[in-house]
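Residues per chain are reported as follows:
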Amino acid sequence: MVAISRSNVRRVRRVNGGGGEVLDVLIDKIPYMSQLSSADRLILLCGLALLGTVAFASYFLISGILAGSATADGGLAKDSDTRLSPTDRMGVSDQASLHRSGGKRIFDDWDVSNSEMNKLKNISLPHGSFFFGPDSHQVDIPESDVFDPSASWSSLQHELLDDDSDAINVELEKKRCATYDFGFPDATMPLKRRRLFYGALISGDSAEVIKATSMEQYNIYHTVSLIESNTTQNLTPKKWRFFGSKDASKELNWLYQLFGPKTKVSVDYYVTSQRKDQIDGDELLIEYFQREGHSYRWKFNGMRPDDIAIIADIDETFSRDFLRALQICDVPQFRPGQSCRAPKVYASTLIFESSPECAWKTKSALRNSAGRGRAWFHPDAILGECADQIGDTKLHPPTKRDRWESHGTRLDYYGHDNEYTYYDTKVLADLNMEGQGPLWLPHDFRREEGGEDAWKNDEWESPTAYHFHNFFMSGEEVRFKYSTYGHADSKALVKSLRHIHADGDIMLAVMCALGNHTEDTESSFESIAGTSRPIYYLNKEARQARHSMWQDIVRRDEEMYGQSNDIDDYYEEEEDEDEEDDDEEDDEEADEDQEDDEEEDEDQEGEDEEEK
């Protein structure tokens, strides 16, 4: 040990004065400090600084844990979700919060929005994370962004849309129910409107199509749950449309007001943790995962087992008249005590291609025609007691699925395609149960069988829903969709519009814009058979404006690509391309056979030489 005394310590003072001299004077006033050398004082100060840093960091760490607990308690109940691992229940992992490729961030805008987005209520699942924004009833929209959608309605539209009175006209509703072969509630059933909860994905969809569907739904839904992602279905990165910028805020405020003041509208955000090699080429998996957020939003907004859940694409909607029927009629699938094996009510849908003047004929309209038309059968509705997060898992035990057992598509014979053999013998039998079905994830509404379709009980079997397909604002938007979303076409960016889609959807729209119609299509909006018409396009000016825009898009595309106007040429070109592909495959197979024969000959010659 070295004894320190005043006599053996030499004081060192800076000759240039300044802050150091003042510090020495202060230190000298502390007992025993004046006996230390400058080096010892420096070491002591460094230790004190380190101790302060540790204390400072500990304070913020503890504060963050407490804040996180408060968020979880005030938000979605993560701990109650049995499908989350213990690690996931603690919060959003880095892997779930970021889409990674080779360990590198690939989203330029994610770093900017990460801190703000992490302030939102969130939940982490094995395939990614959901971040839940406020709904339209929780925000104050700036005066400059406030508008009234009804200001542009025609008198006819006002008449059709001003139907949200709390009073129920019994005779009118009885007639409505009979139109769809539904009964009317008897004396033992409550006479009240059911609450409807809606869910759809949203991305680069045009304002035109959102206005068309939201007008049909105006002030009907309790909740509209919209979910945006920062990738397309094939994991192509894209920027947030409704988050992280002034333009995004303006669009979000616009969206909040479209569905009516009685509806809670929300846009939530999904960030996948999946890579392309993890989805095995099944690009619709990302859509399936993204849709799971709807059931959490519905639960967060207070959905009950006796409410109705509806899943659609943003460009689809049930007709307003049918939505009103779903609210009050005696629908067999909506009676309490469902087994949930066949709970769906799904639509008979009229499809418009790119313009309200370009529509496929429905099946009923083709009875006396050689045409094939096109059928569509979404949206889909089920009772809340059969919906994931809303129904009772004790009455409807979980089934097995192809991703982490509880996500993705149902396994064969576990409810997939309405086959329940293994679900009965390997799930229900162990629980001494029979006849019950599992709860439905939001993507099951569209993916799985089990229910009945509905149409009007009139001479035309008029449709109960509308699909405004490919109502984009430019040819580039059409190409981006078909090159990056489900069943992507790698050549879509270099094809003419008419040749992009194999089923001929765009081809029909192109020919319609050029004034050419076939036996599969209606000649105009006015010529559509039946009594169902979308309310938005009852406005003639809106119809003409959209059709003129689509004609301009096609005209520019035709000038660039110079394609034929004859619809038969398309099918001939497709057949020629198929024949060329077949010929190439035959040539390749012949070359391979020839190479195999030559190798066999060489092997045989080698064996003969060895024998000799």
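Residues numbered from 1 in each chain as written. Predicted model: local features only at pLDDT ≥ 70, side-chain atom pairs only at ≥ 80, totals over all residues. Heavy atoms only, no water.

Colleague: Which residues make up the packing of helix α8 (residues 207–216) against helix α9 (residues 246–258), and what are the values?
Modeller: Relative placement of two packed helices is described by the angle separating their axes and the distance separating the axes. Between α8 and α9, the least distance of the axes is 10 Å, while the angle of their chain directions is 25°. As summarised for this structure, α8 and α9 are arranged roughly parallel, according to the angle between their axes. The residues of α9 that touch α8, namely those facing A207, I210, K211 and S214, are W254, L255 and L258. Of the residues in the contact of α8 with α9, the class split is five nonpolar, one polar and one charged. (Axes fitted to C-alpha atoms, helices over the stretch in contact; angles between N-to-C directions. Helix = DSSP H or I, 4+ residues; strand = E, 2+ residues; numbered from the N terminus. Parallel < 35°, antiparallel > 145°, perpendicular 65-115°, else oblique. Contact = heavy atoms within 4.5 Å. Nonpolar A, V, L, I, M, F, W, Y, C, P; charged D, E, K, R; others polar.)

Colleague: Give me the lowdown on a negative patch on the surface, citing residues and values where you can.
Modeller: Together, D412, D417, E419 and E449 make up a region of like negative charge exposed at the surface. Residue position: D417 is located in the loop between β14 (407–410) and α13 (421–428). The exposure class of D417 is partly exposed, given its relative accessible area of 37%. (Patch = residues over 30% accessible without salt bridge, like charges linked within 9 Å, V, L, I, M, F, W, Y side chains within 5 Å. Areas by Shrake-Rupley, 256 points an atom, 1.4 Å probe, with all protein chains shown as cover. Salt bridge = Lys/Arg side-chain N within 4 Å of Asp/Glu carboxyl O. Lys, Arg positive; Asp, Glu negative; His and termini not counted. Charge placed at Lys NZ, Arg CZ, Asp CG, Glu CD. Buried < 20%, exposed > 50% of the residue type's maximum accessible area, 1.4 Å probe, protein only.)

Colleague: Requested: an account of the pairing of strand β8 (residues 308–311), with residues and values cited.
Modeller: In β8, alternate side chains face the same way, and those of I308 and I310 on one face and A309 and I311 on the other are all buried. The pairing of strand β5 (residues 196–201) with β8 spans four bridges and is parallel. The partner of F197 across the bridge, within β8, is A309. Of the pairings in the sheet, the one linking β8 to strand β12 (residues 380–383) comprises four bridges and is antiparallel in character. (Pairing = 2+ DSSP bridges.)

Colleague: Give me unusual backbone geometry: which residues, what numbers.
Modeller: The bulk of non-glycine residues show a negative phi, and the bulk of peptide bonds are trans. A cis amide bond links H378 with the next residue in sequence, P379, at an omega value of 10°. Within the element layout of this structure, P379 appears in the loop between β11 (349–353) and β12. Residue N219 is not a glycine yet carries a positive backbone phi of 60°. Inspection of the secondary structure assignment puts N219 in the loop between α8 and β6 (223–229).

Colleague: Kindly report on the sheet that holds strand β16 (residues 465–469), identifying the contributing residues and their values.
Modeller: Spatial strand order, β9-β16-β11: three strands in an open sheet with mixed pairing. Every interior strand has two partners, whereas the edge strands, β9 (316–318) and β11, have only one. Ignoring strand direction, the axes of neighbouring strands in this sheet form an average angle of 15°. In this sheet, β16 lies alongside β9 in antiparallel orientation, the contact comprising three bridges. Residue pairing in the sheet places T317 in a bridge with Y466 of β16.

Colleague: Quick rundown of the state of the cysteines? Include the residues and the values.
Modeller: Scanning all chains against the criterion turns up three disulfides. Two residues, C177 and C329, share a disulfide whose sulfurs are 2.0 Å apart. A torsion of -95° about the S-S bond marks the disulfide between C177 and C329 as left-handed. Residue C177 is located in helix α7 (residues 170–179), and its partner C329 is located in the loop between α12 (320–328) and β10 (344–347); the two are separated by 152 residues in the primary sequence. Two residues, C358 and C512, share a disulfide whose sulfurs are 2.0 Å apart. Handedness of the C358-C512 disulfide follows from its S-S torsion of about -85°: it is left-handed. Pair noted here: C358 is in the loop between β11 and β12 and C512 is in helix α16 (residues 505–513), with a separation of 154 residues, a long-range link. With relative accessibility at 5%, the residue C512 sits in the buried group. In the protein chain, the cysteines engaged in disulfides, taken in order along the sequence, are linked 1-2, 3-5, 4-6. (Disulfide = S-S within 2.5 Å.)

Colleague: Now, about the pattern of salt bridges: what can you tell me, with residues and values included?
Modeller: Applying the stated criterion to the full structure yields 30 salt bridges. Note that R297 and D268 form a salt bridge whose closest N and O atoms lie 2.7 Å from each other. Taken as a pair, R297 in helix α11 (residues 293–300) and D268 in strand β7 (residues 264–272) lie far apart in primary sequence, 29 residues in all. As far as burial versus exposure is concerned, R297 and D268 are alike and both buried. The salt bridge involving D307 is made with R304; its shortest N-O contact spans 3.8 Å. Accessibility expressed as a relative area gives 1% for D307, which makes it buried. Salt bridges sharing common partners tie together E287, R291, D313, E316 and R446.

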